[in-house]
Amino acid sequence: MQMIKNYLKKNSIFIALFIIYLPLFKYFVELNNNKGHSFMTAEWLINYKYGFINRGLIGTLFISMTRNPDLLLDIISVSLICLYLLIFYFLNKIFHQNKQNIISIILIFSPAIFLFPIYDSQGAFRKEIVGLLSLLIFAVYVKNKNIKFLYFSAAIYTVGIFSHTVNLFFLTTILILFYKHIPSKIKEAFIFIVPTLSYFLIYFLFSPSEPESYVIRDKMCDYLRELDLFNLCGHGSFDYVVWDINAAYLITQNIVINERRPEYYFYIFLFFIALIPFLFDKSVFREKTSYLFVGISFMPLFLLAFDWGRWINIMLTCYLVIFLLSNKEEINKRVSLFLIPFPILFRIEHCCDPIFQFNLDYVVNNINYLIWNFQNIFI
């Protein structure tokens with residue numbers, strides 16, 4: 001019995017997240033059993049088969065495995081669920097390798113961090129999970145200095161940045177962790193910097209023009225039609241591969257200025273709400289420079305794309321990793337009791353139409369949603 005208790009305690013974060021995410025895994029498998037989703041699935045099938053295009057590496061690996069559409073979607077389902085399980089594993093490892101407090105737990109189960117895709121499933125199974133896995137593996141390396149974790153993290157990071165530009169934004173946090181925790185090995189940061197520079201070089205030398213991008217996109221869609229997966233080329237991820245940086249900026253700014261300015265401001269409000277637990281630990285103020293640099297590094301992302309909820313999720317997850325590795329303060333019980341309801345006080349949609357209300361019904365709806373989510377494990 002004691003052995004079981006020790007096992008549960010040692011793997012508490014992994015077990016809790018696994019149970020919470022089971023309905024989400026089930027939902028994703030069901031989607032892919034019904035020809036997939038034009039964002040959550042299609043994003044992983046963008047590929048280099050017809051020429052270099054942004055976001056293409058992982059998709060190239062997937063489509064090279066099989067031409068059987070059902071098997072292909074099963075491979076994607078299993079692969080992405082395994083990615084999440086690895087994320088939970090390394091997060092659990094970081095959590096138990098360092099001294100933590102109640103704020104660590106509140107942040108992990110924050111609606112802006114690991115409850116984010118539970119409240120809004122459309123923010124799940126996106127390619128930033130590759131960069132997040134790389135960051136968590138690196139955080140484990142910070143503590144145990146096992147060089148295997150460094151190489152593993154760099155390899156995952158490299159795959160990530162050639163699969164989606166969003167994974168570049170994890171680099172700032174990795175470099176800060178190098179500087180703060182292992183300055184004697186700062187030269188080893190080149191194992192991340194070199195792939196980053198290579199990505200930019202290849203991007204600027206080989207990126208197709210807009211007309212060429214449309215041709216490549218259409219050929220990828222034709223290939224999916226052959227596989228009876230053309231539904232994945234409806235409105236979704238394949239629409240965005242034809243945008244260059246300038247187009248992304250102009251479209252996003254038009255949305256901010258002319259269409260959804262109140263939503264943009266509201267996401268800023270939700271971001272500050274999500275920061276509240278950090279403020280109850282003095283260690284955050286000792287690390288303020290780190291948090292500031294990470295925040296500044298994410299500013300271009302908010303200007304270039306309008307999935308603002310996703311960007312808040314990624315940035316707050318980077319903050320979480322910095323916090324988990326920091327020397328934390330003891331938290332008094334009154335503060336603990338005050339923070340316990342935090343996971344049900346709000347939610348953040350991955351994009352558009354954010355909802356927040358100062359009333360009890362809103363909180364009850366969040367509770368009911370989490371209960372319904374748990375019930376779906378068995379339904």
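It should be noted that the structure appears before, not after, this text.
Here is what the cut-offs are and how they apply
- Residues numbered from 1 in each chain as written.
- Predicted model: local features only at pLDDT ≥ 70, side-chain atom pairs only at ≥ 80, totals over all residues.
- Heavy atoms only, no water.
- Helix = DSSP H or I, 4+ residues; strand = E, 2+ residues; numbered from the N terminus.
- Rg over C-alpha atoms; globule rule 2.2 N^0.38 Å.
- Buried < 20%, exposed > 50% of the residue type's maximum accessible area, 1.4 Å probe, protein only.
- Contact = heavy atoms within 4.5 Å.
- Areas by Shrake-Rupley, 256 points an atom, 1.4 Å probe, with all protein chains shown as cover.
- Lys, Arg positive; Asp, Glu negative; His and termini not counted.
- Charge placed at Lys NZ, Arg CZ, Asp CG, Glu CD.
- Phe/Tyr/Trp six-rings, centres within 6.5 Å; stacked < 30°, edge-to-face > 60°.
- Lys NZ or Arg CZ within 6 Å of the ring centre and 35° of its normal.
- Axes fitted to C-alpha atoms, helices over the stretch in contact; angles between N-to-C directions.
- Parallel < 35°, antiparallel > 145°, perpendicular 65-115°, else oblique.
- Left-handed = near helix turned anticlockwise from the far one by under 90°.
- Nonpolar A, V, L, I, M, F, W, Y, C, P; charged D, E, K, R; others polar.

A. View of the overall build of the chain. If you tally the helices and strands in the chain, you get 20 helices and zero strands. Over its C-alpha trace the chain gives a radius of gyration of 21 Å, about what one expects of a compact globule, namely 21 Å for 379 residues. On the principal axes, the C-alpha backbone points of the chain span a range of 60 × 50 × 50 Å. The buried share among the 379 residues of the chain stands at 54%. Residue pairs at least 24 apart in sequence account for 78% of intrachain contacts in the chain once pairs closer than 6 positions are excluded. In the form shown here, the chain has an accessible surface area of approximately 17,600 Å², with 66% of it arising from carbon and sulfur atoms. Averaging the positions of the 31 positive and the 25 negative side-chain charges in the chain gives two centres separated by 14 Å.

B. A look at the packing of aromatic side chains. Tallied over the full model, the rule gives 40 aromatic pairs. Taking the centre distance of 3.8 Å and the plane angle of 10 degrees together, the rings of F28 and F125 count as stacked. Linking F28 in helix α2 (residues 12-33) with F125 in the loop between α6 (116-119) and α7 (128-144), this pair joins segments that are 97 residues apart in sequence. Its relative accessible area of 0% is what places F125 among the buried residues. Taking the centre distance of 5.6 Å and the plane angle of 85 degrees together, the rings of F138 and F192 count as edge-to-face. Taken as a pair, F138 in helix α7 and F192 in helix α10 (residues 190-206) lie far apart in primary sequence, 54 residues in all. The structure contains a cluster of three or more aromatic residues connected by ring pairs, namely F14, F18, Y21, F25, F28, Y84, F88, F114 and F125. A cation over an aromatic ring shows up here: R225 above the ring of F230, its NZ or CZ 3.9 Å from the ring centre. Residue placement shows K328 over the ring face of F323; its charged tip is 5.3 Å from the ring centre.

C. Local environment of the packing of helix α14 (residues 261-275) against helix α18 (residues 308-324). Orientation of α14 relative to α18, taken along the N-to-C sense of each, is 25 degrees, at an axis distance of 10 Å. Between α14 and α18, the angle is such that the two are roughly parallel. At the point where α14 passes α18, the crossing takes the right-handed sense. Contacts between α14 and α18 involve Y264, Y267, F271, A274 and L275 from the former and W308, G309, I312, M315, L316 and Y319 from the latter. Looking at side-chain class alone, the contact of α14 with α18 contains 10 nonpolar, one polar and no charged residues.

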